[in-house]
Amino acid sequence: PRAAPITKQESIQIQDLPLEEIRRRFPAIGEKLRNAVFEKFQDAEGYFFSAESGYRSKNRLDFQIDHIQPMSQGGKTTLDNLQLLTRQENGAKGDKLI
């Protein structure tokens, strides 16, 4: 028989974890979510773009994934609550993802 979770914390919802934690604990899910965010913010010409400034680049390294509603305010790590920002925009915002 399988052991039941000992504490409530053992029974976690993946969307309640920060993206970097999802990538560490569930690499396949983290990578899938990360790729989906980049796809969501990619135009017909193959450029990724910032949700904030519209800055465009084909280099994924120019961007970071950010929560629209911060986790500290109840935001979840779900595709509809994640956006791409440039590294500079996300740095200015403060609460970083990867």
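This text goes with the structure placed above it.
Residues numbered from 1 in each chain as written. Predicted model: local features only at pLDDT ≥ 70, side-chain atom pairs only at ≥ 80, totals over all residues. Heavy atoms only, no water.

Draft legend 1. Local environment of the overall build of the protein chain. When helices and strands are tallied, the protein chain shows 3 helices and 4 strands. For the protein chain, the N- to C-terminal ordering of α and β elements is α-α-β-β-β-β-α. Burial status across the protein chain gives 31% buried among its 98 residues. On the protein chain, roughly 6400 Å² of surface is accessible, and the fraction owed to carbon and sulfur atoms is 52%. (Helix = DSSP H or I, 4+ residues; strand = E, 2+ residues; numbered from the N terminus. Buried < 20%, exposed > 50% of the residue type's maximum accessible area, 1.4 Å probe, protein only. Areas by Shrake-Rupley, 256 points an atom, 1.4 Å probe, with all protein chains shown as cover.)

Draft legend 2. Looking closely at the pairing of strand β4 (residues 82-86). Taken across its 5 residues, β4 has 5 buried, putting it largely inside the fold. Side chains Leu 82, Leu 84 and Thr 86 project from β4 onto one buried face, and the interleaved Gln 83 and Leu 85 project onto a second face that is buried too. Direction of pairing for strand β3 (residues 63-67) relative to β4: antiparallel, over a ladder of 5 bridges. Across the sheet, His 67 pairs through a bridge with Leu 82, a residue of β4. (Pairing = 2+ DSSP bridges.)

Draft legend 3. Molecular detail of the nonpolar core. Counting residues in each nonpolar core, the largest one holds 10 residues, listed as Leu 19, Leu 33, Val 37, Phe 38, Phe 41, Phe 48, Phe 63, Ile 65, Leu 82 and Leu 84. Broken down by secondary-structure element, the contributors of at least two residues to this core are α2 (27-40), β3 and β4. Sort the elements by how many residues they give to this core and α2 lands first, with 3 residues. In contact with Val 37, not counting residues within four places along its chain, are Ile 65, Leu 79, Leu 82, Gln 83 and Leu 84. (Core = buried A, V, L, I, M, F, W, Y, C linked by side-chain atoms within 4.5 Å. Contact = heavy atoms within 4.5 Å.)

Draft legend 4. Spotlight on the environment of Asp 66. Tracing the sequence through the fold places Asp 66 in strand β3. Given a relative accessible area of 0%, Asp 66 falls into the buried group. Residues Asp 66 and Gln 83 lie 17 residues apart in sequence; the distance between their C-alpha atoms is 5.3 Å.

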